[in-house]
Amino acid sequence: MDLRHCVIPAAGLGTRFLPASKAVPKELLPVLDRPVIQWAVEEAVSAGATDVVLVLAEGKESVAHHLLPDPALERRLEERGKQRELEAVRTAGHLADISIVIQAEPRGLGDAVLQAADVVGDRPFLCILPDDLSVTDPPVLAQLWQGYERHGSPILALARMPRSEISRYGAVAVAETRGRDHRVTDAVEKPRADDAPSDLAVMGRYVLTPGIFDALRQTAPGALGEIQLTDAIAMLARSGPVWGVEYEGTLLDVGTPAGWLATNIRLARDDPTLRTVVRSALAAASA
Ligand code: UTP
């Protein structure tokens, strides 16, 4: 399967993370020892991607700097015998072939994905929204890739949500279910709880086919003048097969201060080097 690109849209304003994200993009905030963007790229690489297309806004180029080699820093660390740090810096700078495209205005996730059209070309591609981390084995994106091998169609990551929460997500209508795979016939962005076509929400991982670019070009802006990826996927689902995979495991939110904090605590509690300090801090806080 010629699935080599992973598009990572990271041109959003990050309003939920202000003021922390005023000068530092939220994608560079650390989760344990690595910034959020590195978690996303590592997931893409572990699913098999070799080329990462970052969609950035003007002024967010530092997100890409983290993923590019830094020979001067590597030389300094080498001179000082800082082997562990050198390895960490080398790893971050050589995870994948990185390209950058700029989204001129924050016109929505759909418009962000469209900016990657020239780099991706006429091939299927993976897409990750870095606001959630996958700590499942196999990672959620790898589960979608397996779904793509089964169906050869666009694949959405689906999770069941309580009706009261579905209006924060996109929700899908389903015509057929095979195990954890659902054939999607429609998708609605942020439906009212009463109007949601099912309790299956679209989460931020996708395998997309090049037809999505034409669908995006035909998609009219919706609320706030934003072009919704969900609307373009709904268009694809009306003209051909689109499948969703109800993935195993969970995605952890790092796109809000509360989610980011909870994710750090949860992962630190399970990390051999941080476990003790986090558990004693939590015990002291509840004493
Ligand atoms: P969100 O809807 O979470 O927006 O975008 P946001 O700007 O990141 O954060 P908030 O809601 O203001 O706090 C979902 C994904 O789509 C990307 C974001 O970077 C994020 O990965 N996105 C969104 C773009 O790349 N461009 C846009 O115009 C909008």
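Read on for an overview of the structure. Computed from a predicted model, the values in this text were never measured in an experiment.

## Quick notes on the layout of surface pockets
Next, step 1: Considered as a void within the structure, the largest pocket measures approximately 1,500 Å³ in volume.
Next, step 2: Lining the largest pocket are 48 residues, and of these R16, L109, L129, D131 and K190 lie nearest its centre.
Next, step 3: Of all the elements in the fold, those that place two or more residues in the lining of the largest pocket are strand 1 (5-10), helix 5 (109-114), strand 8 (155-160), strand 11 (200-208), helix 9 (229-239) and strand 13 (251-253).
Next, step 4: Here the lining of the largest pocket gets 4 residues from one element, more than from any other, and that element is strand 11.
Next, step 5: Empty space within the second largest pocket amounts to approximately 300 Å³.
Next, step 6: D33, Q38, E85, A88 and V89 are, among the 16 residues lining the second largest pocket, the residues nearest its centre.
Next, step 7: Elements with a contribution of two residues or more to the lining of the second largest pocket: strand 3 (34-35), helix 1 (36-47) and helix 4 (83-93).
Next, step 8: Among the elements that take part in the lining of the second largest pocket, helix 4 stands out by supplying 7 residues, more than any other.

## Quick look at unusual backbone geometry
Next, step 1: Across the junction of L18 and P19, the peptide omega takes the value 5 degrees, indicating a cis bond.
Next, step 2: Position of P19 relative to the elements: it lies in the loop between strand 1 and strand 2 (30-31).
Next, step 3: Residue P138 follows D137 across a cis peptide bond; omega there is -5 degrees.
Next, step 4: Structurally, P138 is set in the loop between strand 7 (132-134) and helix 7 (140-151).
Next, step 5: Within the chain, L32 stands out as a residue other than glycine whose phi angle is a positive 55 degrees.

## Observations concerning the environment of W260
Next, step 1: Following the sequence through the fold, W260 ends up in helix 10 (residues 257-269).
Next, step 2: In this structure, the C-alpha to C-alpha distance between W260 and D132, residues 128 residues apart in sequence, is 9.2 Å.
Next, step 3: Setting aside its immediate chain neighbours within four residues, W260 contacts F17, L29, P30, V31, D253 and V254.

Definitions and cut-offs
Residues numbered from 1 in each chain as written. Predicted model: local features only at pLDDT ≥ 70, side-chain atom pairs only at ≥ 80, totals over all residues. Heavy atoms only, no water. 1 Å grid on protein atoms, 1.4 Å probe; cavity = no way out; pocket = protein on both sides within 12 Å on 5 of 7 lines; lining within 4 Å. Points joined across faces, edges and corners; volume = space filled by probe spheres on them. Helix = DSSP H or I, 4+ residues; strand = E, 2+ residues; numbered from the N terminus. Contact = heavy atoms within 4.5 Å.

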